[in-house]
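Read off the chains here:
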Amino acid sequence: MFVQNEKEKSDILSTPLNHKEPFESYIYPSYSLLHHTSNLTEPYEYINEKKDHIIDLFYSYGIEIKNINVVYGHIFTLFEIYPSSLTCLRKIRNHKEDIEINFGEYGVRIQSPIPGTSIIGIEIPNKSMFTFSFEKIVRHQDFIDNQFALPIVLGLDMYNIPAIKDLKCIGNIIIAGDSKHGKSTCIDSIIMSLLFKKHPNELKFVLMNIKPFGLDKYNSIPGFLAVRTDNVDGPVIYDYEECICTLDALLDLVNYRLDLFSKANVRNIEDFNNKYVLHKLNPIDEFEYLPYLVVIIDDYGDFELNLGKQLIDRLYLLTLNCNIVGIHLILSTRVMDNEALKTSLIDNINGRVIFRTLSSYASEKIIGNAEACSLSMVGDMLFKEITGALVTERIQGCKPNNNEITTTINHINSQYVPCLMELSDIIEPEIQEKDCIFSLDPYFKEAAYLIVSAQVASTSMIQRRFSIGYNRAGRLMDQLESAGIIGIERGVKSRDVLIKTEHELYDLLLTLQI
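Residues numbered from 1 in each chain as written. Predicted model: local features only at pLDDT ≥ 70, side-chain atom pairs only at ≥ 80, totals over all residues. Heavy atoms only, no water.

S.K.: Can you walk me through the overall build of the chain in this structure?
M.R.: Secondary structure assignment for the chain yields 19 helices and 16 strands. Looking at the chain as a whole, 51% of its 514 residues are labelled buried. In the chain, 68% of the contacts between residues at least 6 apart in sequence involve partners at least 24 apart. Accessible surface computed for the chain: about 23,800 Å², of which carbon and sulfur atoms make up 51%. (Helix = DSSP H or I, 4+ residues; strand = E, 2+ residues; numbered from the N terminus. Buried < 20%, exposed > 50% of the residue type's maximum accessible area, 1.4 Å probe, protein only. Contact = heavy atoms within 4.5 Å. Areas by Shrake-Rupley, 256 points an atom, 1.4 Å probe, with all protein chains shown as cover.)

Written out as structure tokens, the structure is:
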């Protein structure tokens, strides 16, 4: 019998933990929920007209062309120019500004050459420009097969290939541009792509927007949201004071996770979760699977205008270590809020997205050049990583419409998913007294029966079961101790469970009038 038990134990330990429990039957959204769009029809007359213009224009500068290849897109068309020699390439560089002006159109961009090639790229805005459906990318094989930790969709690149980035590798992102040029749509695309690829145990959003519209549609997906315990206005944060309190709670979470990593002898969230899944971290010792958190602050400039240094200081501290522990920031701002671009905080943000702007200062600050001033209309954006290859990509933004977002949220909510994740408040040492037994947490009775039934007194077990923060779960444990249900803390060892049966627990709660 002993050998059989040892074998069962060995089998359990050799089988990785399923971090999706108890929601392992969760069904991810699919492109069938989205509106299908037809493929682009190339206007051959328009394309041939532009090709003839390019040939005549280059001939006037003494530049010979071997061939022109055309990639027709939703917002702009890419003309790949194959010059006859390197001498021609130098001539194009020398006359780049003159050639752009000669086209007489807003939004023309010349790459001389396209990075990694000897080909000249000329991007010319289409006569009819439109953002395309999110469905076009979701049904693309590149998205279906994508294995990024945090895959975010920006749109299509200049070759009409999905521009999918890994937020985990990028770190943090700022999205800038003049009003009504695509920032909010870009945020919708980012959120939707994560909802399509991530399980609710793997990801939580913290959403902030001073305007009572835009992000409000995501209020109804509690399984994917994190919120501070005392926030009574709903998951999406619209209040300046609540913004500061939530950032404090996030800083507290960073420190808590760093301490956890130190105890687990790991460097980052990926190593920690891998170790947990492989049974190398014991849940009894307060270890648990950690979700990524994506913090989105829309209209960041408005928040900064009203909160000033207290906001900047907190976000700056957050950017120092947040990515290591699985927290990622996305800030969106109008470029007219130039003050929002002048702080040292922006220098700590690696990912840069900018839409059309009239401010050359903003374009220079975000991507290091003034190219954003010559972008075309809605959805036309530039993307750059300041610590990456330093290549500025032009991307055609996609648009999940409100009906598609609602349908996706309804699909998620039709299933058994977790409750809101609670971000605990920072508790000052002088008020860290044990809760009075007559001021009990609403989850007290459920937690008591859970612990007696399992005969394990684990803070992390309470956190997972009720989707609450670490500090609140700790206070619950203190209340259970005060009631005589569990024993005192014993360092790294688990507390004793003093009540052995549910019948005993029932009698005790009756005696305590709970």
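S.K.: Explanation requested: the side chain of N273 in the structure shown.
M.R.: Considering the arrangement of structural elements, one finds N273 in helix α10 (residues 269–277). Here L290 takes part through its backbone oxygen, which lies 2.9 Å from a polar atom of the side chain of N273. (Polar contact = N/O pair within 3.5 Å; in protein donor to acceptor, adjacent residues only side chain to side chain.)

S.K.: How should the pairing of strand β4 (residues 120–125) be read in this particular structure?
M.R.: Each regular strand carries side chains that alternate between the two faces of the sheet. The buried count for β4 comes to 6 of 6 residues, which makes it a mostly enclosed element. With 6 bridges joining them, strand β2 (residues 76–83) and β4 adopt antiparallel strand pairing. The residue bridging I81 from the neighbouring strand is I120, located in β4. Pairing between strand β3 (residues 109–111) and β4: 3 bridges, direction antiparallel. Its bridge partner being in β4, Q111 is matched across the sheet by G121. (Pairing = 2+ DSSP bridges.)

S.K.: Can you help me understand the environment of V325 in this one?
M.R.: Here V325 is to be found in the loop between α12 (309–321) and β12 (327–334). Leave out the neighbours within four places in its chain, and V325 touches V254, R257, L258, F261 and I269.

S.K.: I keep staring at the environment of K365 and nothing clicks. Help me out?
M.R.: Along the chain, K365 falls in helix α14 (residues 360–367). In this structure, the C-alpha to C-alpha distance between K365 and I346, residues 19 residues apart in sequence, is 8.8 Å.

S.K.: Sorry, what's going on with a negative patch on the surface here?
M.R.: A surface patch of like charges, here negative, comprises E45, E49, D52 and D56. Its place among the elements puts D52 in helix α2 (residues 44–60). On the accessibility criterion, D52 (47% relative accessible area) is partly exposed. (Patch = residues over 30% accessible without salt bridge, like charges linked within 9 Å, V, L, I, M, F, W, Y side chains within 5 Å. Salt bridge = Lys/Arg side-chain N within 4 Å of Asp/Glu carboxyl O. Lys, Arg positive; Asp, Glu negative; His and termini not counted. Charge placed at Lys NZ, Arg CZ, Asp CG, Glu CD.)

S.K.: Help me out: how do you make sense of the environment of D302 in this one?
M.R.: Within the secondary structure, D302 is located in helix α11 (residues 300–307). Spatially, the C-alpha atoms of D302 and R334 are 9.1 Å apart, while their sequence positions differ by 32 residues. Other than its neighbours up to four places away in sequence, D302 contacts I210, K211, Y240 and R334.

S.K.: For this particular structure, what's the right way to read the pattern of salt bridges?
M.R.: Two side chains with opposite charge may pair up if their charged atoms get near one another. Tallied over the entire structure, the rule returns 17 salt bridges. A salt bridge links D188 to K217, with the shortest nitrogen-to-oxygen separation between them at 3.6 Å. One end of the pair, D188, is in helix α8 (residues 183–197); the other, K217, is in the loop between β9 (203–209) and β10 (226–228), and 29 residues separate them in sequence. Overall, the relative accessible area of 23% leaves K217 in the partly exposed class. Measuring nitrogen to oxygen at the nearest pair gives 3.8 Å for the salt bridge that ties D347 to K365. Residue D347 is located in helix α13 (residues 344–347), and its partner K365 is located in helix α14; the two are separated by 18 residues in the primary sequence. For D347, a relative accessible area of 48% gives the class partly exposed. Taken together, the shared-partner salt bridges connect R109, E123, E371, D380 and R394 into one network.

Just geometry here; none of it tells us what the structure is for.
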